[in-house]
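# Reading the structure
Listed here are the chains, written in short residue letters.
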Amino acid sequence: MDFELSEDQRAIQQAARDFTNTEMAPHAAQWDAESIFPKEVFGKGGELGFCGLYAAEDAGGLALPRLDATLVFEEMSRVDPSTAAFFTIHNMAAWMVSLWASPAVKAHWGPLLSSGRKLASYCLTEPGAGSDAASLKTRARRDGDHYVINGAKAFISGAGSTDALVVMARTGGDGAKGISAFVVPADTPGIAYARKEDKMGWRSQPTGGISFDDVRVPADHRLGEEGEGFKFAMKGLDGGRINIAACSVGAAQGALDAARAYMGERRQFGRKIGDFQALQFKLADMQIQLTAARQMVRLAASRLDAGHRDATTYCAMAKAFATDAGFCIINDALQLHGGYGYIREYPIERLLRDARVHQILEGTNEIMRVLVSRALLKTNEEIR
Ligand SMILES: Cc1cc2nc3c(=O)[nH]c(=O)nc-3n(C[C@H](O)[C@H](O)[C@H](O)COP(=O)(O)OP(=O)(O)OC[C@H]3O[C@@H](n4cnc5c(N)ncnc54)[C@H](O)[C@@H]3O)c2cc1C
């Protein structure tokens, strides 16, 4: 067992750090304040491979292990979890296309998505189907060599600003096995975008509803076979959960760094606040939680890379733990800043607002606990 990052992994981490410092850090606060979706940043990140980190090589991706991808998302999130999180969602969609699209669709969309020249959204959630995603109602009816899609999606990241939609829609009966997945060009006639949600965080990326009214897509835009869509969506989310967990680890690291620096500067009662043992212990607890969260994320990523039997459970455990711990760490960092933590001049309140949603999306942390307990009770076997 080797807990050290390899030389290559350190190089990826450094490349992500440099990119973040030059391309994201100077603008993150403005993107948040003005709700600017920085499309050009995804193009620049794409030139470094950050838009197809684990997408297949024959689709223009880097085909890196998931663990390596987490290093990139973690670095970006130290500064800007919102923009970093859109990189993760795009990577998830690009990976799905690279693996399961037909040869023609993969040849067209693969390189465009992996390079960040075009962006993708992942469209699973519906107004009436959130945690119970397998109950989705959007329907894709076969019509000769096309499918005709009708229905509505909710809370879609990037909606209205992306180029390709990976859409889960029902082609068969009720339940997970009746669902198929499609790559739908985002400007196909019949697609309409609802107004953007006005959100607490993740303000550098749009989130919104999408409706499909007799949207015709060629049959070869289906991913894999009919009925495989929900399985693909869940496989995408295994990696997506690690990625979001890595964003929480990164945001927590950013907050902890800021708190540590502040404790060395701020003086009260004639001393640095870092001299108070109560605060030293808080900082220690933050570091303990952060180290545990990071190791869980990396363990889950390596389990997924290895195709481990319990990989899905590890991804769920890492997502729940790291996003819960990450939020608490950032909240503690805000407390250590006193009133200054609450104002926009300092980045802590933005990190807190951005990280909060990580406990909700890509499966809520309650659903993560459903997955873990189901694995424990259904198989009655040890998780190892
Ligand atoms: C900013 C943002 C971006 C998003 N981006 C995307 C995206 O790009 N693509 C996409 O498809 N979706 C996206 N989502 C949707 C997200 O995945 C859902 O919001 C999430 O899965 C929860 O669904 P819901 O909001 O309908 O909540 P509900 O499912 O209605 O849950 C309400 C509450 O009940 C709890 N609950 C539900 N069922 C159970 C149960 N069985 N046991 C215990 N507790 C339960 C939940 O944990 C939650 O606390 C996004 C959401 C947000 C907020």
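What you see as residue numbers is a count from 1 along each chain, following the sequence as written. Only residues with pLDDT of at least 70 get local features here, since the model is predicted, and only at 80 or more are side-chain atom pairs given and counted; chain-wide, interface and lining totals rely on the full set of residues. The side-chain figures draw on all heavy atoms in the structure; neither hydrogens nor water molecules are used.

For two strands to pair, DSSP has to find at least two bridges joining them. A run of H or I in DSSP counts as a helix once it spans at least four residues, and a run of E counts as a strand once it spans at least two, with each numbered from the N terminus. Two strands pair when backbone bridges link them, and strand β3 (residues 146-157) and strand β7 (residues 207-218) are joined in this way by nine bridges, in the antiparallel orientation. Within the sheet, the bridge partner assigned to His 146 lies in β7 and is Pro 218. For strand β6 (residues 191-196) and β7, the ladder comprises four bridges, and the chain directions are antiparallel. Paired with Ala 192 across the strands is Ser 211, a residue of β7.

Time to look at the domain arrangement of the chain. Considered domain by domain, the chain is made up of domain 1 (7-114), domain 2 (120-226) and domain 3 (230-379). Whether two residues touch is decided by their heavy atoms; if any such pair falls within 4.5 Å, the residues are in contact. The interface of domain 1 with domain 2 comprises 26 residues on the first partner and 22 residues on the second. Looking at the side of domain 1 that touches domain 2, the elements that each hand over two or more residues are α2 (28-34), α5 (81-100) and α6 (103-114). Residues of the side of domain 1 that touches domain 2, tallied by class, amount to 18 nonpolar, five polar and three charged. Where each domain starts and ends comes from a domain assignment, either automatic or drawn from a database. Amino acids are sorted into nonpolar (Ala, Val, Leu, Ile, Met, Phe, Trp, Tyr, Cys and Pro), charged (Asp, Glu, Lys and Arg) and polar (every other residue, Gly among them).

Only a single heavy atom is needed: when it lies within 4 Å of a molecule or strand, its residue is near that molecule or strand. Among the 18 residues in the neighbourhood of the ligand, the closest are listed as Thr 125, Ser 131, Phe 155, Thr 364 and Glu 366. Leu 124 is positioned such that a nitrogen or oxygen atom in its backbone is 2.9 Å from an oxygen atom of the ligand. Within the side chain of Glu 366, a nitrogen or oxygen atom sits 2.7 Å from an oxygen atom of the ligand. Looking at the shell around the ligand, the elements that each hand over two or more residues are β3 and α11 (365-379). Grouping the amino acids of the shell around the ligand by side-chain chemistry returns nine nonpolar, six polar and three charged. Split by domain, the residues of the shell around the ligand number at least three in each of domain 2 (120-226) and domain 3 (230-379). Distance and chemistry together define a polar contact, namely a pair of N or O atoms within 3.5 Å, with one atom able to donate a hydrogen and the other to accept it when in protein, and with adjacent residues in sequence counting only for side-chain atoms on both sides.

What follows deals with the packing of aromatic side chains. Two rings from Phe, Tyr or Trp (for Trp, the six-membered ring) form a pair when their centres sit within 6.5 Å of each other. Planes less than 30 degrees apart are called stacked, planes more than 60 degrees apart edge-to-face, and all others tilted. Per the stated rule, a full pass over the model turns up 13 aromatic pairs. Plain terms: the ring middles of Phe 37 and Phe 86 are 5.1 Å apart, the flat faces sit at 85° to each other, and that makes the pair edge-to-face. Within this pair, whereas Phe 37 is found in the loop between α2 and α3 (39-47), its partner Phe 86 is found in helix α5, the two being separated by 49 residues in sequence. Burial classification: accessible surface area is computed with a 1.4 Å probe over protein chains only, and a residue below 20% of its type maximum counts as buried, one above 50% as exposed, and the rest as partly exposed. Judged by relative accessible area, which is 0%, Phe 86 ranks as buried. Taken together, the ring pairs connect Phe 19, Phe 37, Phe 42, Phe 50, Phe 86 and Phe 87 into an aromatic cluster. A cation sits over an aromatic face here: Arg 66 above Trp 95, 4.5 Å from the ring centre. Arg 303 extends its terminal NZ or CZ atom over the ring of Tyr 314, reaching a point 4.8 Å from the ring centre. Lysine NZ or arginine CZ positioned within 6 Å of the ring centre and within 35 degrees of the ring normal marks a charge as sitting over the ring.

Attention now goes to the side chain of Glu 349. Structurally, Glu 349 can be placed in helix α10 (residues 348-356). At a separation of 3.4 Å, a polar atom in the side chain of Glu 349 contacts the side chain of Arg 344. Ignoring anything within four residues of it in the chain, the contact list for Glu 349 reads Leu 334, Gly 341, Tyr 342, Ile 343 and Arg 344.

An ideal rise of 1.5 Å per residue puts 54 Å on 37 residues; helix α7 (residues 229-265) measures up with 53 Å between its terminal C-alpha atoms. Here the bend at a residue means the angle between the axes of two seven-residue stretches, the one that ends at it and the one that starts at it. For α7, the principal kink sits at Asp 238 and spans about 25°. Across the 37 residues of α7, 28 count as buried, placing the element largely inside the fold. Under the convention used throughout, the expected extent of a helix is 1.5 Å for every residue step, that is, one less than its residue count.

Attention shifts here to the environment of His 221. One can find His 221 in the loop between β7 and β8 (222-223). Classification of His 221 by relative accessible area gives buried; the value is 14%. With residues up to four places along the chain from it excluded, the contact list for His 221 reads Val 105, Ala 181, Phe 182, Val 183 and Pro 185.

Backbone phi values are negative for most residues with the exception of glycine, while trans is the configuration of most peptide bonds. Although it is not a glycine, Ser 35 sits at a positive phi angle of roughly 50°. You can see Ser 35 is positioned in the loop between α2 and α3. For Phe 155, which is not glycine, the phi torsion reads 60° and is therefore positive. With respect to the helices, strands and loops of the structure, Phe 155 is situated in strand β3.

Between the first and last C-alpha of helix α1 (residues 7-24) there are 25 Å, a value that for 18 residues agrees with the 26 Å anticipated at 1.5 Å per step. Taken residue by residue, α1 has Gln 9, Ile 12, Gln 13, Ala 16, Phe 19, Thr 20 and Met 24 as its buried positions. End-on, the buried residues of α1 take up no more than an arc of 125°, which puts them together on one face. Residues of α1 that are exposed and point more than 90 degrees away from the buried face comprise Glu 7 and Thr 22. Against the buried residues of α1 lie α2, α3, α4 (66-77), α5 and α8 (277-305). The directions from the helix axis to the C-beta atoms form the arc being described.

The next subject is the packing of α4 against α7. For any two helices packed against each other, the geometry comes down to the angle between their axes and how far apart the axes lie. Only the contacting stretch of a helix is used when fitting its axis, a line to C-alpha atoms as for every element, and angles between N-to-C directions run 0 to 180 degrees. Packing of α4 against α7 leaves a shortest axis separation of 7 Å and a crossing angle of 40°. Between α4 and α7 lies a crossing whose hand is right-handed. Across the interface between the two elements, Arg 66, Thr 70, Phe 73, Glu 74 and Ser 77 of α4 pack against Gly 239, Ile 242, Asn 243, Ala 246, Cys 247, Val 249, Gly 250 and Ala 251 of α7. Tallied by class, the residues present in the contact of α4 with α7 amount to six nonpolar, five polar and two charged. In a left-handed crossing the near helix is turned counterclockwise from the far helix by less than a right angle, and in a right-handed crossing that turn is clockwise.

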